[in-house]
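Take a look at the letters that make up each chain.
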Amino acid sequence: MYQVGDFVMYGNTGVCRVEEIGHPDAVSDQDTLYYKLSPVYDTEVIYTPVDTKAFMRPVMSKVDAEELIDRIPSIPDNVCDNRDMKMLSEKYRACLNTHENDDLIRLIKSVYMKNQRSIKAGRHMGQTDQQYMKRAEKMLYGELAIALSMEYDQIQPYIKRRVDGQEVKEA
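The paragraphs below set out a description of the structure included in this document. Note that the coordinates shown come from a computational prediction; the quantities given were computed from them, not determined experimentally.

Calculation notes
Sequence order as written defines the numbering, with residues in each chain counted from 1. Only residues with pLDDT of 70 or above have their local features reported here, since the model is predicted, and side-chain atom pairs are shown and tallied only from 80 upward, although totals for entire chains, interfaces and linings are computed over all residues. Side-chain numbers here rest on the full set of heavy atoms in the structure, without hydrogens or water. Every helix listed is a DSSP run of H or I at least four residues long, and every strand listed is a run of E at least two residues long, numbered separately from the N terminus. Here's how the labels work: a residue is buried when its accessible area is under 20% of the maximum for its type, exposed when over 50%, partly exposed in between, all with a 1.4 Å probe on protein chains only. In this description, contact between two residues means that some pair of their heavy atoms is separated by no more than 4.5 Å. Surface accessibility in these figures is a Shrake-Rupley result with a 1.4 Å probe; residues are shielded only by whichever protein chains are displayed. Neither His nor the chain ends contribute to the count of charged residues, in which Lys and Arg are positive and Asp and Glu negative. To locate a charge, take NZ of a lysine, CZ of an arginine, CG of an aspartate or CD of a glutamate. Any two strands with at least two DSSP bridges between them are considered paired. Working convention: axes come from line fits to C-alpha atoms, limited for helices to the stretch in contact. Angles between N-to-C directions cover 0 to 180 degrees. Nonpolar side chains (Val, Leu, Ile, Met, Phe, Trp, Tyr) within 5 Å and like charges within 9 Å form the patches, drawn only from residues with over 30% relative accessible area and no salt bridge. What counts as a salt bridge is simple: a side-chain nitrogen of Lys or Arg found within 4 Å of a carboxyl oxygen of Asp or Glu. To form a nonpolar core, buried Ala, Val, Leu, Ile, Met, Phe, Trp, Tyr and Cys residues must be joined to one another through side-chain atoms within 4.5 Å.

Description of the overall build of the chain
Within the chain one finds five helices and five strands. Across the chain, helices and strands are ordered from the amino to the carboxyl terminus as β-β-β-β-β-α-α-α-α-α. Each principal axis of the C-alpha atoms in the chain carries an extent, and together these give about 60 × 45 × 25 Å. The buried share of the chain, taken over its 171 residues, is 40%. Across the chain, the fraction of contacts at a sequence separation of at least 24, relative to all contacts at a separation of at least 6, is 54%. Only carbon and sulfur atoms are counted for the fraction: they give 49% of the accessible area of the chain, which is about 10100 Å². Charge-centre separation for the chain: the mean point of 23 positive side chains lies 9 Å from the mean point of 28 negative side chains.

Re the sheet that holds strand S1 (residues 7-10)
Spatially, five strands are ordered S4-S3-S2-S1-S5 in an open sheet, and the strand pairing comes out antiparallel. The sheet terminates laterally at strand S4 (46-49) and strand S5 (56-58), the two strands that pair on one side only. Across this sheet, the average inter-strand angle for adjacent strands is 40°, counted without regard to direction. Sheet analysis places S1 next to S5, joined by three bridges and oriented antiparallel. Within the sheet, the bridge partner assigned to Val8 lies in S5 and is Pro58.

Observations regarding a nonpolar patch on the surface
Among the surface-exposed residues, Phe7, Val40 and Tyr41 lie close enough to one another that they form a single nonpolar patch of about 210 Å² accessible area. On the secondary structure map, Val40 appears in the loop between strand S3 (34-39) and S4.

Describing the nonpolar core
Counting 31 residues, the largest nonpolar core has Leu107, Leu140 and Leu144 as the members making the most contacts within it. Looking at this core element by element, the count peaks at nine residues for helix H4 (residues 127-147). The next biggest cluster of nonpolar side chains, apart from the first, holds nine residues, and it includes Tyr2, Val8, Tyr35 and Ile46.

Structure representation (structure tokens):
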């Protein structure tokens, strides 16, 4: 069971902070304990049973975050090789729904590379690509920001510096 103050990854919402554990007035089932979750990068409040079937796990550690960033170059970008929008959306959704950071990175890298090819061909990034890339970045960068005690908007430049080899890993 998580404790008040813990950061967790919840469903496709991303990073949430456990605010309370108890029997909220807003819920009629007073026999079940609920987490009151506050998404870190949104404003809503989520109530979910402590024994929820929804995806929930602790935010990765700083060490795990650094190791994940180090592995980014070796994670393939092979998600979006299809022009059928329905199939493309299904592939992207499947990446998000695994709740695996490697799959989020794969999606982000794939859309980035696809966008680079589009720019060279004089086209813009597709709306589907843009939506799913944004969702994947929100989940991944949000978790990395909490794990690394950084601001959300510092994560992308930090990853770029690390991947480009400009930042030496701390000893």
